[in-house]
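Analysis of the macromolecular model
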Amino acid sequence: VQLQASEGGLVQAGGSLRLSCAASGPIYAINSMAWYRQAPGKQRELVARIFSDNSRNYADSVKGRFTISRDNAKNTLYLQMNSLKSEDTAVYYCNANIRSTMSRLGTYWGQGTQVTVSS
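A brief structural summary. (Residues numbered from 1 in each chain as written. Predicted model: local features only at pLDDT ≥ 70, side-chain atom pairs only at ≥ 80, totals over all residues. Heavy atoms only, no water.)

Observations concerning the pattern of salt bridges
The cut-off we apply is this: One speaks of a salt bridge when a side-chain nitrogen belonging to Lys or Arg is within 4 Å of a carboxyl oxygen belonging to Asp or Glu. Secondary structure counts use DSSP, requiring at least four H or I residues in a row for a helix and at least two E residues in a row for a strand, with both numbered from the N terminus. Working definition: with a 1.4 Å probe on protein chains only, accessible area under 20% of the residue-type maximum means buried, over 50% means exposed, and in between means partly exposed.
Considering all chains together, one arrives at four salt bridges under this definition. Here Asp88 and Arg37 are joined by a salt bridge, their closest N and O atoms 2.9 Å apart. Placement of the pair is Asp88 in the loop between β8 (76–81) and β9 (90–101) and Arg37 in strand β4 (residues 29–38), with a sequence separation of 51 residues. The exposure class of Asp88 is buried, given its relative accessible area of 0%. Judged by its relative accessible area of 6%, Arg37 falls in the buried class. A salt bridge links Asp60 to Lys63, with the nearest nitrogen and oxygen atoms 3.1 Å apart.

Remarks on the side chain of Ser32
The following threshold applies: Think of a polar contact as two N or O atoms within 3.5 Å of one another; within protein, one of them needs to be a possible hydrogen donor and the other a possible acceptor, and neighboring residues in sequence only count if both atoms come from side chains. By definition, residues are in contact when any of their heavy atoms lie within 4.5 Å.
Secondary-structure assignment places Ser32 in strand β4. Since its relative accessible area comes to 6%, Ser32 is described here as buried. A distance of 3.1 Å separates polar atoms of two side chains, one belonging to Ser32 and the other to Arg49. Here the side chain of Ser32 touches Asn97 through a polar contact of 2.9 Å, side chain to side chain. What Ser32 contacts, discounting residues up to four positions off in sequence, is Arg49, Ile50, Phe51, Arg70, Asn95, Ala96 and Asn97.

Observations concerning the state of the cysteines
Here is the rule we go by: Only a pair of cysteine sulfur atoms within 2.5 Å qualifies as a disulfide here.
On inspection of all chains with the given rule, the structure shows one disulfide. What pairs with Cys21 in a disulfide is Cys94, and their sulfur atoms sit 2.1 Å apart. Across the disulfide from Cys21 to Cys94, rotation about the S-S bond amounts to roughly 55 degrees, and the bridge is consequently right-handed. Pair noted here: Cys21 is in strand β3 (residues 17–24) and Cys94 is in strand β9, with a separation of 73 residues, a long-range link.

Let's talk about the sheet that holds strand β7 (residues 66–71)
Working definition: the strands of a sheet are paired by backbone hydrogen bonds and lie parallel or antiparallel to each other. Keep this limit in mind: Pairing between two strands requires that DSSP report at least two bridges joining them. As a rule, the C-alpha atoms of each element are fitted with a line to give its axis, helices using only the stretch in contact, and angles between N-to-C directions run from 0 to 180 degrees.
A sheet is described by the order of its strands in space; here four strands give the open sequence β1-β3-β8-β7, paired in antiparallel fashion. This sheet does not close on itself; its edge strands, each paired only once, are β1 (2–5) and β7. Each neighbouring strand pair of the sheet contributes to a mean axis angle of 15 degrees, computed without reference to strand direction. In the sheet, β7 pairs with β8 via six bridges, with the strands oriented antiparallel. Counterpart to Asp71 in the pairing with β8 is Thr76.

Here we look at the nonpolar core
The following threshold applies: What makes a nonpolar core is a set of buried Ala, Val, Leu, Ile, Met, Phe, Trp, Tyr and Cys residues whose side-chain atoms join them at distances within 4.5 Å.
Counting 29 residues, the largest nonpolar core has Trp35, Leu79, Met81 and Tyr92 as its most contacted members. Contributions of two or more residues to this core are made by β1, β3, β4, β5 (45–50), β7, β8, β9 and β11 (113–118). Of all the elements, β9 adds the most residues to this core, at five residues. Those residues in contact with Tyr92 that sit more than four places away from it in its chain are Leu19, Trp35, Tyr36, Arg37, Val47, Phe66, Leu79, Met81, Gly112, Thr113 and Val115.

As structure tokens, this is what we get:
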């Protein structure tokens, strides 16, 4: 199983950006999917998570600005980021808990994509 994230980019403060992450390989079912981020000198933190029942949770710092969604038919995860702030600058990683078979559950990470917000 592989997760392939889209490229991030450079955006001005107040702007928007959408990330995507496609899962491929032997997939029986996808449980939860999530976005994490890691800023320079900081620990990786959870940004948002979406579960198989479409329930979601967000870090307080992004509530009301970011929206996580998934397209189950395409095994693809999205993160719509609006009203971006300089403190959103980080490397963003997609994450997924995937069953490659009915009995095999694994946790997978995408390659990380840089998002830079200029003030």
